[in-house]
Amino acid sequence: MSSTFLKTLHTNLLSPFLAAPMVHQSELTFRLLCRRYNVSLAATPMLHSRIFASTPAYRTLEYQTHPDDAPLIAQLCGAEPHDLVNAAAQLHHCDIIDLNFGCPQAIAKRGNYGAYLLSDVSKMQTLVSALASTHNGTIPVSAKIRILPTPEKTMEVAQALVEAGAQMLTVHGRTKEQNKQGSGAASWEAVREVVQELQSKDVVVVSNGGVETLAHAQECLTYTGAWGCMSAEGLLCNPSLFYDVQHDDNIVVQDFVAALSDKCSNGTSLYIDSDWFTVLLNMRQLALAKEYMELAHIHSNNYLKPVRSHLFKFCHALLNDNTDVRTVFAKSRRLEEMEQGVVTLIERTKKKYRTATATAQRSHPKDENEVNVMQDTIEWVLDQSQKEEEETMGWF
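Here goes a summary of the coordinates provided.

For a regular strand, side-chain orientation follows a simple rule: the groups alternate between the two sheet faces. Counting buried positions over the 6 residues of strand β4 (residues 72-77) gives 6, a clear majority of the element. Burial along β4 is two-sided: the face carrying Leu72, Ala74 and Leu76 and the face carrying Ile73, Gln75 and Cys77 are both buried. Relative to strand β5 (residues 96-101), β4 is paired through 4 bridges, and the arrangement is parallel. By the bridge assignment for β5, Gln75 is matched with Asp98.

Counted under the stated rule, the structure contains 9 salt bridges. When the shortest N-O distance is used, the salt bridge between Glu294 and Lys290 registers 3.1 Å. On the criterion of helical spacing, the pair formed by Glu294 and Lys290 is a turn pair, its members being 4 residues apart in helix α13 (residues 276-299). Taking the relative accessible area as the measure of exposure, Glu294 reaches 28% and is therefore partly exposed. Two residues, Glu336 and Arg334, come together in a salt bridge whose shortest N-O distance is 3.6 Å. One network of salt bridges, in which partners are shared, links Arg31, Arg35 and Asp69.

Moving on: the nonpolar core. The nonpolar side chains of a soluble globular protein tend to be buried with one another. Counting 52 residues, the largest nonpolar core has Leu91, Phe101, Leu161 and Leu169 as the members making the most contacts within it. For this core, the secondary structure elements donating two or more residues are β4, α5 (81-88), β5, α7 (121-132), β6 (141-146), α8 (151-164), β7 (168-172) and α9 (188-197). A per-element tally of this core places α8 first, with 7 residues. The residues touching Leu161, leaving out its near neighbours within four places in the chain, are Phe101, Met124, Val128, Ala143, Ile145, Ala166 and Leu169. Counting residues in each nonpolar core, the second largest holds 44 residues, with Ala19, Phe30, Leu241 and Tyr292 among its members.

Thresholds applied
- Residues numbered from 1 in each chain as written.
- Predicted model: local features only at pLDDT ≥ 70, side-chain atom pairs only at ≥ 80, totals over all residues.
- Heavy atoms only, no water.
- Buried < 20%, exposed > 50% of the residue type's maximum accessible area, 1.4 Å probe, protein only.
- Helix = DSSP H or I, 4+ residues; strand = E, 2+ residues; numbered from the N terminus.
- Pairing = 2+ DSSP bridges.
- Salt bridge = Lys/Arg side-chain N within 4 Å of Asp/Glu carboxyl O.
- Core = buried A, V, L, I, M, F, W, Y, C linked by side-chain atoms within 4.5 Å.
- Contact = heavy atoms within 4.5 Å.

In C-alpha cells:
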C-alpha cells in the first residue's frame, strides 16, 4: 500500500498531534482522554510481539479498542520476524502498525529490540519487510527510531527503513544514550534533516521529543517541516497539552490562558506572586484526573496498573502533603477508592484556593471586575471534569 493512504489520513485529521506509545500508560482510557484535547492519532502501549502472539490474557489487558479510539496505531516490539508476523495477525481495528526501534530501556537491551537494533540495519530491514507483508499489505507499517550519533548514520537508517516498506517514520530527536535523567534536549535539527532527506520519498515523518506546550509543538512543526508532532512525557503530565484554548471565545478561558503569562485580559497582573496560581494549576490537574477516572470506570476493565501510574502523574504536586491519598493510590485494589482519593484532593484544594484568594486580594487589591473574572476562572477549571467534548481546532 502506498503512503498516499497516510497523506489522505493527514488531510482528514483534525490536528497534526499524536499521542506516543508508552508501556502500560497509553492504554485505551488515556488515549480517549487525550483525544478530547486535540490528539488526532494515538498509539497503543508497546506490545511485546512474542507475548502478544501467544498469550490471550496479555492481549486482553494491553490491547483494547473502541469506535471512538480511531485512527489508531498499534505498536509492536521484537527481534524475530516470525514473532512480529504472528503478533500482527492478532491485531484488529488498527489503522497503522508501528515497529519500535526507539526504546532505550534495559529490558529492550536484554531482549535485543527497540533502540538496540539501530546498529543492525539489515536486521531492521528484515523486520520491517516481514511486518509489511502482513494483512495482505493493507495496513501501513511505520517505524519509530531515535537519532544516531552522526547525521550520516541517522540518514542511513531512515533510508533503509523506507526502502524496506516503512510508510511513516517517527523520529525521536535523542540518541538511545539520552535517556531519563540524562536525556538532554531533543534535536529538532536532526528531525528536520530527516524530513528534508526523505521529502522526495513516498513517506511521512513525525517529530517526537522536546515538546512541553502547544506553542512548542507548533514551533516544532514549523521548524522541522514534519507531518505531525508526537508527545509522550508531556501528555502524561498534561493530557490537554495540545488543546488550543487560545481559540476559545470564552473570556474566562482566555483569562486562564493569560494567567500563564502573568497577564489578565485588561493588561493587569494576576496574583502570580501568591499561592493562588499554584492552587489554580493543581485544580486543573485534578479536573483532568477526575475526567480520567470517569473514563476508567467505563473502559479500564479494572486493570489498575496504568490507573495508578496516571494518578501519580496527574497529582504528583499534591501527594507530598497528602500522604494518606498517596497510600490510597499505591495500595487500593478498587477504582472507586482511587476516585475517592481524587475527590478528597479536590475538596482539600478548594479550601486552599479560598484561603489563597483571600490572602492575595488583601495583599494586591483589584477592582471588582478582576476579582469576579478570577472567581469565574476557577469555576471553569473545576467544571472541566463535567464538560462536553469541546469543538476541536483545525490544523493551526
